[in-house]
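Here is what each chain is made of, one letter per residue.
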Amino acid sequence: MMREQVTQLLNEALAEHPSLFLIDLEITQENNIRVTLDGDDGVRVEDCMAISRGIEHNLDREELDFSLEVMSAGVSEPLTMPRQYKKNIGRTLKVRTDKGETIEGKITDTTDEDVTLEWKAREPKPVGKGKVTVEKKTVLPYKEIVQAKVMVTFN
């Protein structure tokens, strides 16, 4: 009952802010509500406040005691939705695949089914000793990604 009501209120609040989208909704047995958001242009404090108000002001505390926490997905949180990959085009991503591979590359394109990564690698020369830098590119379906995190760089 509580989950349905919160989900409906959350969907209504998100409809008023189309650049925001839901990453996770958690409701514990103690009625602790945790909403994790992301946005095409990031998530501001004002965005979290607006979504929080949309939920909190429409639930009756006299009827049911609850706590509400609305937050943005942290920079260290793994990507879970295609929309998150799209907003990070141009950034470096570290991906662990279902085959046990780890790939670190720049996101150059995304679709609803996959992400394109490009990176440079050092490989042995085809002839002779030494190594040469080569350009690598892969199109990775989301279903093959076990974990993907944006690498934060400080210039």
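Bear in mind the structure is a predicted one, so any value in this text is a computation, not a measurement.

A. Local environment of helix H1 (residues 2-15). For H1, spanning 14 residues, the distance from its first C-alpha to its last is 20 Å, which sits close to the expected 20 Å at 1.5 Å a residue. Residues Met2, Val6, Leu9, Leu10, Ala13 and Leu14 constitute the buried set of H1. Summarising the axial view, the buried residues of H1 lie within an arc of 135 degrees, below the 170-degree limit, and thus occupy one face. In H1, those exposed residues whose orientation departs by more than 90 degrees from the buried face are Glu4 and Ala15. For H1, the elements touching its buried residues are strand E1 (20-27), strand E2 (32-39) and helix H2 (45-56).

B. Expanded view of H2. The terminal C-alpha atoms of H2 lie 16 Å apart, and with 12 residues this matches the ideal 16 Å at 1.5 Å per residue to within 8%. Taken as a whole, H2 has its buried residues at Asp47, Cys48, Ile51, Ser52 and Ile55. Projected onto a plane normal to the axis of H2, the buried residues spread over an arc of 130 degrees and lie on a single side.

C. Spatial organisation of unusual backbone geometry. Within the chain, Asn31 stands out as a residue other than glycine whose phi angle is a positive 65 degrees. Assignment of secondary structure puts Asn31 in the loop between E1 and E2.

Calculation rules
- Residues numbered from 1 in each chain as written.
- Predicted model: local features only at pLDDT ≥ 70, side-chain atom pairs only at ≥ 80, totals over all residues.
- Heavy atoms only, no water.
- Helix = DSSP H or I, 4+ residues; strand = E, 2+ residues; numbered from the N terminus.
- Expected span 1.5 Å × (residues − 1).
- Buried < 20%, exposed > 50% of the residue type's maximum accessible area, 1.4 Å probe, protein only.
- Arc of directions from axis to C-beta.
- Contact = heavy atoms within 4.5 Å.

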